[in-house]
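Now for the letters of each chain:
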Amino acid sequence: MRIGIPAETHAGEKRVATVPEIVEKLIKLGFSVAVESGAGDAANYSDEAYHSAGAEIVEGAARLWAESDIVFKVTVPTSAEVELMHEGITLIGFIWPAQNPELMQQLAARKATVLAIDALPRMLSRAQKMDALTSQAGVAGYRAVIEAANVFGRYFNGQITAAGKVPPAKVFIAGAGVAGLAAIGTAAGLGAIVRANDTRAEVADQVKSLGGEFVKVEYEEEGGGGGGYAKVMSEGFQQAQREMYARQAREVDIIITTALIPGRPAPRLITAEMVQSMKPGSVIVDMAAERGGNCELTEPGQAVVKHGVTIVGYTDLNSRLARQSSTLYATNLFRLTEELCKTKDGIINVNMEDDAIRGLTVIKDGEITWPAPALQLPAAKPAVAAKPAPAAHGGGGKPATAGKTVALFGAVALLFLFIGAYAPPAFLGHFTVFVLACFVGYMVVWNVTPALHTPLMSVTNAISSIIAIGALVQIAPPLTEGLARPDEWIRALAVAGIALTAVNMFGGFAVTKRMLSMFRK
């Protein structure tokens, strides 16, 4: 089958649905690939690069659509593009079926099969590799911080210079989804003091792990709406949230809003009064501008100054990083193609028994199949009943474990008494060192975070190779005349022991270094 990559026709759209390195992988799956001339120019992918990867360069959109069995697109197709489709074509890209019912009817009339990448069931773990919403949101969150830095009047990180002290910028992120978390990590990496809020309490740890401070709304209500999205909150929660946003607006320098709920207008989080209360020179980046905006004064597609505050309402944040966005999107579509063509023969199979493919498929052979039936998720495991507290002794009220502890210590004391009475003096010294080493080693490992046990064990492995010193003693000649020299077989064993323990020592530290590097930025 032939995959076609048309040039995007929406104004300001610079992304392209696939990139040269993915073209090579699609060809290995058995497909032929055609790219409309100039489709990748805005993303810095030339026709020559596509041709070198094995794609055919086609002049004109009409010919590309007419000769393609499958078409990859980024943006929603226009009416003119629908007119170019032939019957039975397969279209893969962003469709937004809930927001585009007329388009759905037009595509159904063409007897098309349509896979909407935005309809992917994101709660399926194996669908993550195809999740274009996540990959594109991450790019947009990063770019939002860059846009804020571009118009902000000073450093993000605090500095002390000969000319005076510059305080760090304070950034507040409204919404800690994928885009919000990307913005938090970027702003923290630039040195700003970052705060964030989300209706879902479970993201607080994620915010902290990226270097941000989670600002909690003083109102108890769970905000998870399923599928990785937030739900519409009660009026009481929204009032408490507005009060919190008003406090943050007076304190911070930059606000980045990311709040969106699928199928609904963007919730209004930042009012005109909040904007007016912000310090002159402050910045708001409204990532929900395309759906009306989270800020009351946002003008979609524009950067405007209101009350001394710059409000950035760009709707093309992904296109401002077109090359990166295109690469990630192309990878998502390739992973989807792998699922559609498991036989690697260039023929796709839209398997409606597959939960991920069924969720993506909004039209099958001209029949509208959206919305997909709800997924049958596995039932939650029943809660484990708490163990009853240990029974107390009848008279004293002491727990039963106290008696066991006393008995254990008594037995150990008797053992030491017996050893001290009959063991040679030399043995007692060695035995004392052995017991202390066991105790210290146990306490060292026990008090370390479990996540660090692997690098810790590699270090203790290296340290335990102190046995090499014993081997060196066996190899070395005696210091006092008259003492017997070691037998040759003992000397050979000592040499082998040194070789093995050297591997243990150097290997242990090498493993530790590699493990600890995973925790560094």
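This text goes with the structure placed above it.
The structure reproduced in this document is the subject of the present report. This is a predicted model, so every value here is computed, not measured.

So, how was this worked out
Residues numbered from 1 in each chain as written. Predicted model: local features only at pLDDT ≥ 70, side-chain atom pairs only at ≥ 80, totals over all residues. Heavy atoms only, no water. Helix = DSSP H or I, 4+ residues; strand = E, 2+ residues; numbered from the N terminus. Buried < 20%, exposed > 50% of the residue type's maximum accessible area, 1.4 Å probe, protein only. Contact = heavy atoms within 4.5 Å. Areas by Shrake-Rupley, 256 points an atom, 1.4 Å probe, with all protein chains shown as cover. Core = buried A, V, L, I, M, F, W, Y, C linked by side-chain atoms within 4.5 Å. Salt bridge = Lys/Arg side-chain N within 4 Å of Asp/Glu carboxyl O. Axes fitted to C-alpha atoms, helices over the stretch in contact; angles between N-to-C directions. Parallel < 35°, antiparallel > 145°, perpendicular 65-115°, else oblique. Left-handed = near helix turned anticlockwise from the far one by under 90°. Nonpolar A, V, L, I, M, F, W, Y, C, P; charged D, E, K, R; others polar. Pairing = 2+ DSSP bridges. Phe/Tyr/Trp six-rings, centres within 6.5 Å; stacked < 30°, edge-to-face > 60°. Lys NZ or Arg CZ within 6 Å of the ring centre and 35° of its normal.

### Points about the overall build of the protein chain
- Looking only at helices and strands, the protein chain features 17 helices and 17 strands.
- In the protein chain, buried positions account for 40% of the 521 residues.
- By sequence separation, contacts in the protein chain at least 24 residues apart represent 62% of the contacts at least 6 residues apart.
- Accessible area of the protein chain: about 28100 Å², with a carbon and sulfur share of 61%.

### A look at unusual backbone geometry
- Of note, the bond from Trp 370 into Pro 371 is cis; its omega dihedral lies within 30 degrees of zero at 0 degrees.
- Counting through the fold element by element, Pro 371 comes out in the loop between β17 (367–368) and α13 (400–422).
- A positive phi angle, near 55 degrees, is found at Trp 96, a position not held by glycine.
- On the accessibility criterion, Trp 96 (26% relative accessible area) is partly exposed.
- Positive phi is not limited to glycine here, since Lys 111 has a value of about 55 degrees.
- Looking at the element boundaries, Lys 111 is found in the loop between α5 (101–109) and β6 (113–116).
- For Lys 111, a relative accessible area of 45% puts it in the partly exposed group.

### So, the nonpolar core
- Residues Ile 5, Phe 72, Ile 92, Ile 117, Tyr 329, Leu 336 and Leu 340 are the most contacted members of the largest nonpolar core, which totals 45 residues.
- When contributions to this core are tallied by element, the ones reaching two or more residues are β1 (2–5), α1 (20–28), β2 (32–36), α2 (47–53), β4 (70–72), α6 (132–151), α11 (322–340) and α12 (355–360).
- Those residues in contact with Phe 72 that sit more than four places away from it in its chain are Ile 3, Gly 4, Ile 5, Pro 6, Ala 17, Leu 26, Ile 92, Leu 333 and Thr 337.
- One finds Phe 156, Ala 183, Val 283 and Val 312 within the second-largest nonpolar core, a separate group that totals 31 residues.

### Here's the deal with the pattern of salt bridges
- Tallied over the full model, the rule gives 23 salt bridges.
- Among the ionic pairs, Lys 73 bridges to Glu 8, the shortest N-O distance being 2.9 Å. Within this pair, whereas Lys 73 is found in the loop between β4 and α4 (79–84), its partner Glu 8 is found in the loop between β1 and α1, the two being separated by 65 residues in sequence.
- A salt bridge links Arg 154 to Asp 253, with the nearest nitrogen and oxygen atoms 3.3 Å apart. You can see Arg 154 sitting in the loop between α6 and β7 (159–161) and its partner Asp 253 sitting in the loop between α9 (235–251) and β12 (254–257), a full 99 residues away along the chain.
- Judged by relative accessible area, Arg 154 falls into the partly exposed class, the value being 32%.
- Its relative accessible area of 6% is what places Asp 253 among the buried residues.
- Ionic contacts of the salt-bridge type, sharing partners, join the residues Arg 126, Lys 129, Glu 339, Lys 342 and Asp 354 into one network.

### Concerning the packing of α6 against helix α7 (residues 178–189)
- Following both chains from N to C, one finds α6 and α7 inclined at 40 degrees, their axes separated by 7 Å at the closest point. As judged from the angle between their axes, α6 and α7 are oblique. By crossing handedness, the relation of α6 to α7 is classed as right-handed. Along the contact surface, α6 presents Thr 134, Ala 137, Gly 138, Gly 141, Tyr 142 and Val 145, while α7 presents Val 178, Ala 179, Ala 182, Ala 183, Thr 186 and Ala 187.
- Its residues placed into classes, the contact of α6 with α7 shows eight nonpolar, four polar and no charged.

### Some details on the environment of Gln 376
- Note that Gln 376 resides in the loop between β17 and α13.
- Looking at Gln 376, the relative accessible area reads 76%, which means it is exposed.
- Separated by 21 residues in the primary sequence, Gln 376 and Asp 355 have C-alpha atoms spaced 9.3 Å apart.

### Overview of the sheet that holds β12
- The seven strands lie next to each other as β11-β10-β9-β12-β13-β15-β14, forming an open sheet whose pairing is mixed. Two strands in the sheet have a free side with no partner beyond their single neighbour: β11 (213–214) and β14 (303–306).
- In the sheet, strand β9 (residues 170–174) pairs with strand β10 (residues 193–197) via five bridges, with the strands oriented parallel. Of the residues in β10, the one forming a bridge with Ile 173 is Ala 196.
- Of the strands in this sheet, β12, β13 (283–286) and β15 (309–312) are in contact with α6, which crosses β13 at around 150 degrees.

### Observations regarding the packing of aromatic side chains
- For the coordinates displayed, the defined rule picks out six aromatic pairs.
- When the ring of Phe 152 is compared with that of Phe 156, the centres are 6.1 Å apart and the planes differ by 85 degrees; the resulting orientation is edge-to-face.
- For Phe 152, a relative accessible area of 9% corresponds to the buried category.
- Seen from the ring of Trp 96, Arg 291 lies directly overhead, with NZ or CZ sitting 5.2 Å from the centre.
- Above the plane of the ring of Tyr 314 lies Arg 320, whose end atom (NZ or CZ) is 3.8 Å from the centre.

### A few points about the pairing of β15
- A two-sided burial pattern is seen for β15, the buried positions comprising Val 309 and Ile 311 on one face and Thr 310 and Val 312 on the other.
- Pairing of β13 with β15 involves three bridges; the strand directions are parallel. What sits directly across from Val 285, in β15, is Val 312.
- Taken together, the four bridges between β14 and β15 define a ladder with antiparallel strand orientation. Each bridged residue has a counterpart across the sheet, and for Lys 306 the counterpart in β15 is Val 309.
- From the end of β14 to the start of β15, which pair antiparallel, there are two residues, and His 307 there has a positive phi angle of about 55 degrees.

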